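Results of the structural survey
Listed here are the chains, written in short residue letters.
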Amino acid sequence: MTSIVARLSNIPQPAEKDLTTVALAAPKTTTLDPKLLELLSHSPVPKEGSFSTFDSIHVRYASELYDYFRLRLATEDDLPDILDDLAEAKRRLNEQLFQYIFEVFLVHKQQELPKSHAINQIVLPDIIQRMPFLYVKGEQLKSITSPDGKDGTTNEMKFHVTGTEVDSEHKVAWYREDPWWNSHHWHWHVIYPVAGVLDPATGTKKTKDRQGELFYYMHQQMLARYDAERLGAGLAKVVPFKDLRDVMPGYDSHLVGTAGKFSYGPRPKNATMPTIRPFMQYDIIEQETRRQRIFNAIDQGYFQHFVIEKNPVTNVEEPVRKNTKITIDLLGATIEANAAGIEGISNENTFYGSLHNLGHRLIAAAVDPNDSMNWPKGVMGDVATAIRDPMFWRWHRFIDDTINRWIVKQPPHPFVNANKDPNAKVQLPGDEVLTIKAARVQSVGPESVTRNPGHLYTTMENYPMNLLHISPVTDQNYNINAYVKRINYETFNYEIDVENTGPEKEFSVRIWIAPYLKEIGAPGLDRRLFIEMDRFVVTIKTGAETIKRSSEFATILQSPRLDDTQLFDPDHATVIGDETDFCYCGVPRHMLLPRGKKGVNGALYKLFISINDAQYDKIDDAQDRCGSVYCGLKSKKYPVKRDMGYPFDKPLVVPGKPEITEEAVLMEYVLPFNKNMHMSDIALHWVGKEQLNLTRSRPVKKAP
């Protein structure tokens, strides 16, 4: 079974280095199930075309296939035969469409079946390893050559980001084009497929717990991180693409497909949103109409929609208009639009439409507005590559602003003491017994260096990304490394001094940082720039103690990566399956910290800690673990009850006093009256790699 999984994943084992056998799997000799044969013969995605999870036609088709295999496994439980049929599907289908179907099938069946089942012994390589041509520029791929029979040879090349320093956006191209950050975005949309997955018990599509809310929150946190990097680089925060008729900056990814042609078309400078062809006629006017309907619903506080109900008088089914109150989860699902939205998997013909998804497609289609040149669409049409494009961030800033339009209409949290009354009970139940006395960060420097508390350190490094999988070379001792310019940081610890005047119990700890810079030249705090760094549950005894937590256990992070020789090693497979659950979703480990600034002072950030009674927050026995803040948990509900982003999920305002800034509300109306919250200064320093200790130990299953 390992062999067939390797082939399905495009990862050859040492004995099968001829990649042509992987790319061109032999046709299945036995008869295919007629239903599968019918499905495979009606793919809407050309073999050499572009698959997009933003296209409702594509995702509906993909969901039919992954649900077909899921139901077969549930009824037949013949995994080897199903893997053989998946290999036949790989031979017939568009490669990226197949990889999406394969991964959704695998991930969601692993969630549903016990650990002892054979499917949970399958180690799925990352999308970077399965489809590296999505992340390396085409001209670099062409430079890969044979080692001329020399054993142990390494061909090295520098990984180049797109653009030049002529464009100021080039300053943060390294961030947008980081392969592991792009990989996260792909994996998130696999774990949270827009079409949902079929529930065999009900026969209906279901989405994961709070999928719409997490769609909003995960992307909001990506934006907060990107804005922090922009401010550190001297760039303004992302400008929302709110005028759909505005011109766009040019962008060329230089990425190519396996066939050697351009996989993504270049968008010329000053392009505009076009009409999507040939599947539908849809233009800016249609998108503006759907946008306004979303705005109207937000301002009204409810969605209007029709449901079919039986008339009690005539006993005839007929459409009835309903008003459904908006929640953050329903709003996020409707804007995306996924199967949990007010209209289900929306498209261009529904009342509220598919604002987010069709925006991606319109921007992707701007490379060739009328299909006159037969260019493939841009990277914005593909979740595996979209975040490379500066327009991704501008489009998602607009989406974030749209959802924030509803958020600012919500009442503030009760912990805001509007009258500064020292006798007012503004803390949530169970929180009043906990006081944070102090909080600090301590970097773990080289043995010969003593780091001062409150200072954290980052660097830029050239990291080798192995590309042997796309080489024609068959020598297993030959290596090809593309050196990727990426950020890294020195491991550090959080130390939080607390006092519990109540009984021993569990508390939820949330750790945040935020740049003390609202905009270039404007020091201060912005609620939407707070970055969640970690969230975990800890038992605190009665009395005083110090909570110590390593940055390596942060529950926003992806799991540590295994190299290709480890992927199909049974011992490492056990480690992956038991410890990390294929956790490729989440913030890449090297990107935990924003880069900061060079110089003695670094970049000033605020460290914010909130500790709350876990009984009002924790879901059953669910525990945060790798990637869970961004990606949830397998087979369980999202691990906390409170809204995602708490306590910054609602506006920091004093009712009736709009002139008071968010920072003033936090400093004067919140922190003095909530001893379970604490804020202090830290500095982020960008230094040379030789000054840092970048040695890391592999995190164990549970933090100490």
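Let me begin by describing the structure that accompanies this report. (Residues numbered from 1 in each chain as written. Predicted model: local features only at pLDDT ≥ 70, side-chain atom pairs only at ≥ 80, totals over all residues. Heavy atoms only, no water.)

1. Describing the packing of helix H4 (residues 56-76) against helix H5 (residues 79-92)
The interhelical angle for the contact between H4 and H5, taken along N-to-C directions, is 160°, at an axis separation of 10 Å. The angle between the axes of H4 and H5 places the two elements in the roughly antiparallel class. Note on packing geometry: the crossing formed by H4 with H5 is right-handed. The residues of H5 that touch H4, namely those facing Phe69, Arg72 and Leu73, are Leu79, Asp81, Ile82, Asp85 and Leu86. (Axes fitted to C-alpha atoms, helices over the stretch in contact; angles between N-to-C directions. Helix = DSSP H or I, 4+ residues; strand = E, 2+ residues; numbered from the N terminus. Parallel < 35°, antiparallel > 145°, perpendicular 65-115°, else oblique. Left-handed = near helix turned anticlockwise from the far one by under 90°. Contact = heavy atoms within 4.5 Å.)

2. Let's talk about the pattern of salt bridges
All chains considered together, the criterion is met by 42 salt bridges. Note that Glu213 and Arg210 form a salt bridge whose closest N and O atoms lie 2.8 Å from each other. For Glu213, a relative accessible area of 4% translates into the label buried. Arg210 sits in the buried class, given a relative accessible area of 14%. When the shortest N-O distance is used, the salt bridge between Glu309 and Lys322 registers 3.2 Å. Of this pair, Glu309 sits in strand E4 (residues 302-310) while Lys322 sits in strand E5 (residues 317-325); the two residues are 13 residues apart in sequence, bridging distant segments of the chain. With a relative accessible area of 33%, Glu309 lands in the partly exposed category. (Salt bridge = Lys/Arg side-chain N within 4 Å of Asp/Glu carboxyl O. Buried < 20%, exposed > 50% of the residue type's maximum accessible area, 1.4 Å probe, protein only.)

3. Points about unusual backbone geometry
The amide bond that connects Glu336 to the next residue, Ala337, takes the cis arrangement and shows omega of 5°. Structurally, Ala337 is set in the loop between helix H13 (328-336) and helix H14 (355-364). Cis rather than trans, the peptide bond between Tyr646 and Pro647 has omega equal to 10°. Mapping Pro647 onto the fold places it in the loop between helix H18 (628-631) and helix H19 (662-670). If you check the backbone angles, His254 has positive phi at about 65° while not being a glycine. Here His254 is to be found in the loop between helix H11 (211-232) and helix H12 (284-300). One non-glycine residue, Lys420, lies in positive phi territory at about 55°. Position of Lys420 among the secondary structure elements: in the loop between helix H15 (390-407) and strand E6 (434-443).

4. Some remarks on the sheet that holds strand E9 (residues 492-500)
An order of E6-E9-E12 is seen for the three strands of this open sheet, with the pairing classed as antiparallel. In this open sheet, the two strands that pair with only one neighbour each are E6 and strand E12 (543-550). On average, each strand axis in the sheet is inclined to that of its neighbour by 15°, with strand direction left out of account. In this structure, E6 lies alongside E9, joined through nine bridges in antiparallel fashion. Looking at E9, one finds that Arg440 is bridged to Glu495. (Pairing = 2+ DSSP bridges.)

5. Here we look at the state of the cysteines
What the rule picks out here adds up to one disulfide. Two residues, Cys585 and Cys631, share a disulfide whose sulfurs are 2.0 Å apart. Measuring handedness by torsion sign, the sulfur bridge of Cys585 and Cys631 sits at about -80° and is left-handed. In this pair, Cys585 sits in the loop between helix H17 (570-580) and strand E13 (603-613) while Cys631 sits in helix H18, placing the two residues 46 residues apart along the sequence. Taken as a pair, Cys585 and Cys631 share a single burial class, namely buried. (Disulfide = S-S within 2.5 Å.)

6. Considering the packing of aromatic side chains
Applying the stated criterion to the full structure yields 24 aromatic pairs. Ring geometry for Phe530 against Phe608: centres 6.2 Å apart, planes inclined by 80°, an arrangement best described as edge-to-face. Note that Phe530 is positioned in the loop between strand E10 (505-515) and strand E11 (531-540) and Phe608 in strand E13, a separation of 78 residues in sequence. Judged on exposure class, the residue Phe530 and its partner Phe608 are both buried. Ring-pair connections join several aromatic residues into one group, and the members of that group are Trp174, Tyr175, Trp181, Tyr226, Phe392 and Trp393. The ring centre of Tyr463 lies 3.6 Å from the NZ or CZ of Arg486, which sits over that ring. (Phe/Tyr/Trp six-rings, centres within 6.5 Å; stacked < 30°, edge-to-face > 60°. Lys NZ or Arg CZ within 6 Å of the ring centre and 35° of its normal.)

7. Looking at the nonpolar core
Counting residues in each nonpolar core, the largest one holds 177 residues, and the members touching the most others are Phe105, Trp393, Ile496 and Ile611. If we ignore the near neighbours within four places in the chain, the residues touching Trp393 are Tyr175, Arg176, Trp181, Met222, Leu223, Tyr226, Val238 and Ile387. (Core = buried A, V, L, I, M, F, W, Y, C linked by side-chain atoms within 4.5 Å.)

8. Let's talk about the environment of Thr491
Along the chain, Thr491 turns up in the loop between strand E8 (479-489) and E9. It is 8.5 Å that separates the C-alpha atoms of Thr491 and Leu456, two residues lying 35 residues apart in sequence.

9. Topic: the environment of Leu362
By secondary structure assignment, the location of Leu362 is in helix H14. In sequence terms Leu362 and Gly378 are 16 residues apart; their C-alpha atoms lie 9.7 Å from each other.

10. A few points about the side chain of Glu88
As for its position among the elements, Glu88 is in helix H5. Of note is the side chain of Glu88, whose polar atom sits 2.7 Å from the side chain of Arg92. (Polar contact = N/O pair within 3.5 Å; in protein donor to acceptor, adjacent residues only side chain to side chain.)

11. Considerations on the environment of Ile284
Positionally, Ile284 belongs in helix H12. Judged by relative accessible area, Ile284 falls into the buried class, the value being 11%. Between the alpha carbons of Ile284 and Asp243 there is a distance of 10.0 Å; along the sequence they are 41 residues apart. In contact with Ile284, other than residues within four places in its own chain, are Leu244, Arg245 and Met273.

12. Quick notes on helix H6 (residues 95-112)
In a regular helix each residue adds 1.5 Å, so 18 residues correspond to 26 Å; H6 covers 26 Å between its end C-alpha atoms and thus fits that length. In terms of residue burial, H6 counts as a mostly covered element, since 17 of its 18 residues are buried. A distance of 3.0 Å separates the backbone nitrogen of Gln96 from a side-chain oxygen at the start of H6, and that oxygen is part of Asn94. (Expected span 1.5 Å × (residues − 1).)

13. What about the side chain of Lys606?
Relative to the assigned elements, Lys606 resides in strand E13. With relative accessibility at 14%, the residue Lys606 sits in the buried group. The contacts of Lys606, once residues within four sequence positions are left out, are Trp512, Ile513, Ala514, Tyr516, Leu525, Met679, Ser680 and Asp681.

Structural measurements only, silent on function.
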